[in-house]
Amino acid sequence: MLTLNSPVSELERVGRVLSGKLKKIGIETIEDLIFYYPFRYEDYSRLGLIAELRAGEVVTIRGRVNLIKNSRSPRKRKNITEAIVEDDSGQIKAVWFNQPWIARNIRAGDEIYLSGKVAGDLFNIYFNSPNYERVSTFAANTARLVPVYSLTEGVTNKQLRFLIKAVINLTDQIVDYLPEPLKSAEKLADLNWAVKTIHFPADKDSLSKAKRRLSFDELFFPQLWAQLIRRKLKNKQAPIIRFQQKKTQQFIANLSFTLTEDQKKAAWQIITDIGKPEPMNRLLNGDVGSGKTVVAALAAFNVVLNGYQVVFMAPTEILARQHFLTLRRWSGFNKSKLALITRSQHLIGDNNLTKKNFWSEIKNGRAEIIIGTHALIQPEADFSRVGLVVVDEQHRFGVQQRQVLKEKSTSGPHFLSLSATPIPRTLALAAYGDLDISVIRQLPKERKKVITKIVPPDKRQLAYEFIRKQIDGGRQVFVVCPLIDLSDRLGVRSVNSEFEKLDKEIFPDLSIGLIHGRLKSSEKDRAMADFSAGRIKLLVSTAVVEVGVDVPNASVMMIEGAERFGLAQLHQFRGRVGRSQYQSYCFIFSDSASQESLARLNMLTNCYDGFSLAQKDLALRGAGKIYGLEQSGFSGFKIADFSDPVLISQARSAAQKFLNDYKLKDFPALNWRLANYGFVDHLE
Ligand code: ADP
Ligand code: MG
């Protein structure tokens, strides 16, 4: 007997090949299949009479097949299937191309539905490749609001509808984990009804009720989780860091720049937080180059003055080293008490120690600030009195890594994570409810705007000539490409072929580097280091280059296949350049000629605010596609709409109210669902 846990391979028509493909879109069990929601609908619910059809209308007709046959097109390239369908009012022709099996699926005499847009003109109308289906009590492809799913190669909407229809009644087995009182207070539909309805809604009204229930769940669980964490933190003890006003002012006065208002505000929020006895759990969110490091350093400075250690984790060796060097430059810190740990280095001050000695010194409190990569969380790691943990680009670390770091620290240190992924406010509320958030919106004043141009194909050569001049002038260039697969059918430029082209044909005399996700991290680090040091003039890479490396000498960012990336992500690429006194440029190439995608890319040419670009992404592409969200620990948003904050705040207050009025442990199903949601405890 089929249950929600049965693998999809137990379904009729699902063999090895299809189940492999379904796996690619995350569908392994019947439950996965049922929770694979459509992302939109074709409205084929209106039934029309053939005689009354007009070209251009979207409609369903119900009729009898008079004739159906396959033929070859005159040039023999295409197989054409033609059918004549008749109802009481008249008849109409339907044609399909290269799907000869249709003439076996439906036969003369069959009663069928055809759904689609009527083609033709005033004098002659027909259906071009309509959806078709034999009339039954449960149409899945026609004569209704028809679900449209996101697909992978080799899986069609029709197949998915067939499979989901076959198991739709198993939705009855879904346990509704939301407590009755909550459901009635929030006027929510039942879960099994909602899931059934999201696939095959009876009408628009039921569809919106189903959407509301499923969206509520997506928003409610993160809020419930966040509230639990907030309550847990309130009961924990963290060191009280007293603000050292004089010394902090001195530190700031010694910087070679003036802090922006946003930096001051963020620093003040953090310093206020760590002055309290409960652990801070804060996200510092600011565009690339907005100057998060100095803000974190101000907090670290105060922690050190209060006699506690600071642990500062960065995602790559280069970044860790960069932070180490930056902190050494700032006069407030005691250089001899700054430590750096990576795979290859164990530095305290200027001394490179053995791993063993390093950790025993750290344990003895010989270092005040310990900066490092994952090497910070190896088994030997042992700290003395950690008051503050800072994690840079936190989405790059897994849950477990943060967990370990936390366990290695003394109880309840303050926690600050830095992220350059601009997160719109509604989304931040929904996804990071457990974190307090500080935002740096403005960039330092003297920063020049990166001149951004969409380069049409016929101007490509000019762009190369321009790049050549920049390199001749001593600058360096980034080239970012979307995928590494050479056999990419969609014609997306791969890094490998791009590298070959630039290296062999365009710039044969220049030293060109290559970075992609399949390289070992030591190889990546080496290429980045060569680029940093100027030994490589032009660096071709996939999106891996995005994370915070500072190469001020780079003045051109060239992005291939840009339509593949989100705006916020493109903006982050752009942030790799324009970090010095040199005027910098971002050249955007697109493989798509579609107006829509060009219009989207055009937003980059006149908008330089990562937060508004992220907001636009959210509206255009949905939460899942926004860069970093998947990795940042929460990918649970499939259906919730972030342009409408009402449901978000409703979910928030429902979670608060629930925890005030009830005990979670009295609701095992709710508890179970919460535990299975895959949350990241941002603190741990
Ligand atoms: P991010 O937020 O991307 O981590 P960084 O902290 O690396 O940015 O800062 C980028 C650069 O800007 C650094 O060289 C830093 O010293 C400099 N910087 C930071 N704040 C200011 C400021 N207020 N005015 C001028 N330069 C600044
Ligand atoms: Mg940074």
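Counting from 1, residues in each chain are numbered in the order their sequence is written. As they are written, the chains are lettered A onward and the ligands numbered 1 onward, keeping that order. Predicted model: local features are reported for residues with pLDDT of at least 70 only, side-chain atom pairs are reported and counted for 80 or more only, and whole-chain, interface and lining totals are derived from all residues. Neither water nor hydrogens contribute to the side-chain values; these are computed over all heavy atoms in the structure.

K.L.:
It is not clear to me how the overall build of the chain should be interpreted in this structure. Could you clarify?
P.N.:
Counting from the N terminus, the helices are the DSSP runs of H or I reaching at least four residues and the strands are the DSSP runs of E reaching at least two. The helix and strand tally for the chain stands at 22 helices and 23 strands. Against the 2.2 N^0.38 benchmark of 26 Å for 684 residues, the chain shows a C-alpha radius of gyration of 29 Å, consistent with a compact globule. Overall, the chain is about 90 × 70 × 45 Å in size when its C-alpha atoms are taken along their principal axes. Looking at the 684 residues of the chain, the share that counts as buried comes to 52%. Any two residues having at least one pair of non-hydrogen atoms within 4.5 Å are treated as being in contact. Once local pairs closer than 6 in sequence are excluded, the contacts in the chain between residues at least 24 apart make up 72%. Of the accessible surface of the chain, which amounts to about 31400 Å², a share of 50% is contributed by carbon and sulfur atoms. Charge centroids of the chain, computed over 97 positive and 72 negative side chains, lie 4 Å from each other. For a compact globule the rule gives 2.2 Å times the number of residues to the power 0.38, and the radius of gyration it is set against comes from C-alpha atoms. Only protein chains enter the area calculation, which uses a 1.4 Å probe; residues under 20% of their type maximum are buried, those over 50% are exposed, and those in between are partly exposed. A 1.4 Å probe and the Shrake-Rupley method give the accessible areas. Residues count as covered only by the protein chains that appear here. For the purpose of counting charges, residues Lys and Arg are taken to be positive, whereas Asp and Glu are taken to be negative. His and the chain ends are not included. By convention, charge coordinates are those of NZ in Lys, CZ in Arg, CG in Asp, or CD in Glu.

K.L.:
Teacher, can you tell me more about the site of ligand 1 here?
P.N.:
Close to ligand 1 lie 16 residues; Thr258, Gln263, Gly289, Lys292 and Thr293 are nearest. Pairing of N or O atoms within 3.5 Å defines a polar contact, subject to two protein rules: one partner must be a possible hydrogen donor and the other a possible acceptor, and residues neighboring in sequence count only if both atoms are side-chain atoms. Measuring from a nitrogen atom of ligand 1, one finds a side-chain N or O atom of glutamine 263 at 2.9 Å. In the model, an oxygen atom of ligand 1 is placed 3.1 Å from a nitrogen or oxygen of the glycine 291 main chain. Taken by itself ligand 1 offers 570 Å² of open surface, and the protein chains cover 80% of this. As a working rule, the residues Ala, Val, Leu, Ile, Met, Phe, Trp, Tyr, Cys and Pro are called nonpolar, Asp, Glu, Lys and Arg charged, and the rest polar, with Gly in that last group. Among the residues making up the shell around ligand 1, the classes are represented as four nonpolar, seven polar and five charged. A cutoff of 4 Å decides nearness: a residue is near a molecule or strand if any of its heavy atoms lies inside that distance of it.

K.L.:
I tried to follow the nonpolar core on my own but got confused; where do I start?
P.N.:
Counting residues in hydrophobic clusters, the biggest one holds 68 residues, and the most contacted among them are Leu22 and Phe220. It is helix 7 (residues 204-234) that contributes the most residues to this core, eight residues altogether. Each domain span listed reflects an automatic or database assignment of domains. Both of domain 1 (1-40 + 153-173) and domain 3 (245-440) provide at least three residues apiece to this core. We call a set of buried residues a nonpolar core when its members are Ala, Val, Leu, Ile, Met, Phe, Trp, Tyr or Cys and they connect through side-chain atoms within 4.5 Å of each other. Ranked by size, the runner-up nonpolar core spans 39 residues in total, among them Ala266, Leu298, Val304 and Leu340.

K.L.:
Mind showing me how you'd approach the packing of aromatic side chains here?
P.N.:
The description of an aromatic ring pair uses the distance of the two centres, along with the angle that the planes make with each other. Put simply, two rings from Phe, Tyr or Trp (the six-membered ring, in Trp's case) pair if the centres are within 6.5 Å, and we call them stacked under 30 degrees between planes, edge-to-face over 60, tilted for the rest. A full pass over the atoms with the stated rule returns 23 aromatic pairs. Here the aromatic rings of tyrosine 177 and phenylalanine 221 are separated by 5.4 Å at their centres, their planes lie at 75°, and the arrangement is edge-to-face. Placement of the pair is tyrosine 177 in the loop between helix 4 (157-167) and helix 5 (180-186) and phenylalanine 221 in helix 7, with a sequence separation of 44 residues. Summarising the aromatic geometry, the rings of phenylalanine 466 and phenylalanine 587 are spaced 5.5 Å apart at their centres and angled 80° between planes, so their arrangement reads as edge-to-face. Pair noted here: phenylalanine 466 is in helix 15 (residues 460-472) and phenylalanine 587 is in strand 23 (residues 585-588), with a separation of 121 residues, a long-range link. Residue class for phenylalanine 587 comes out buried when judged on its relative accessible area of 8%. Taken together, the aromatic side chains of Tyr177, Phe216, Phe220 and Phe221 make up a single cluster linked through ring pairs.

K.L.:
Sorry, what's going on with the packing of helix 7 against helix 22 (residues 668-675) here?
P.N.:
A pair of packed helices is captured by two measures, namely the crossing angle of their axes and the spacing between those axes. Every angle, taken between N-to-C directions, lies between 0 and 180 degrees, and every axis is a line fitted to C-alpha atoms, over only the stretch in contact when it is a helix. Their axes nearest at 10 Å, the elements helix 7 and helix 22 cross at an angle of 90°. Judged by the inter-axis angle, helix 7 sits roughly perpendicular to helix 22. Every residue of helix 22 that contacts helix 7 at Phe220, Phe221, Leu224, Trp225 and Leu228 is listed here: Leu670, Arg673 and Leu674. The residue makeup of the contact of helix 7 with helix 22, split by class, is seven nonpolar, no polar and one charged. Put simply, angles under 35 degrees are roughly parallel, angles over 145 are roughly antiparallel, angles from 65 to 115 are roughly perpendicular, and the rest are oblique.

K.L.:
Where do I start with the sheet that holds strand 10 (residues 309-313) in this structure?
P.N.:
Pairing between the strands of a sheet comes from backbone hydrogen bonds, and it takes one of two forms, parallel or antiparallel. Spatial ordering of the open sheet is given by 13-12-11-14-10-15-16-9-17, a layout of nine strands whose pairing is mixed. With one partner strand each, in any of the chains shown, strand 13 (351-352) and strand 17 (436-440) form the two edges of the open sheet. Any two strands are treated as partners once DSSP identifies two or more bridges connecting them. Of the pairings in the sheet, the one linking strand 15 (residues 386-392) to strand 16 (residues 414-419) comprises five bridges and is parallel in character. The residue of strand 16 that forms the bridge with valine 390 is leucine 416. With respect to the sheet, helix 9 (residues 261-274) is in contact with strand 9 (281-286), strand 16 and strand 17, its orientation differing from that of strand 17 by roughly 160°.

K.L.:
What is the right way to read the sheet that holds strand 19 (residues 476-480) from this model?
P.N.:
With parallel pairing, six strands are arranged side by side in an open sheet as 18-23-22-19-21-20. The open sheet terminates on both sides in strands that have one partner only, identified here as strand 18 (451-454) and strand 20 (512-515). Neighbour-to-neighbour, the strand axes of the sheet open up by a mean angle of 15°, direction not taken into account. Bridge count between strand 20 and strand 21 (residues 538-541): four bridges; the pairing is parallel.

K.L.:
Explanation requested: the confidence of the model for the chain in the structure shown.
P.N.:
Do not read the fine detail of predicted coordinates wherever pLDDT is low. On a range of 0 to 100, pLDDT expresses the predictor's confidence in each residue. Confidence in the prediction for the chain averages 88 pLDDT; 91% of positions are at 70 or higher. Segment residues 486-492 is flagged for pLDDT under 50; beyond a separation of four residues in sequence, or across chains, it makes 10 contacts in the model. Across residues 627-634 the pLDDT falls below 50, and counting only partners more than four positions away or on other chains, this stretch makes 26 contacts in the model.

K.L.:
Please clarify how the pairing of strand 3 (residues 79-87) should be interpreted in this entry.
P.N.:
Consecutive residues of a regular strand have side chains that alternate between opposite faces of the sheet. In terms of burial, strand 3 is largely enclosed, as seven of its nine residues are buried. For strand 2 (residues 58-72) and strand 3, the ladder comprises eight bridges, and the chain directions are antiparallel. Bridge pairing in strand 3 places arginine 72 opposite asparagine 79. Counting the residues between successive antiparallel strands, the hairpin from strand 2 to strand 3 contains six residues, one of them, lysine 76, with a positive phi of roughly 65°. Bridge count for strand 3 against strand 4 (residues 90-97) is eight bridges, and the pairing is antiparallel. When the bridges of strand 4 are listed, alanine 83 appears paired with alanine 94. Counted between consecutive antiparallel strands, the loop separating strand 3 from strand 4 contains two residues.

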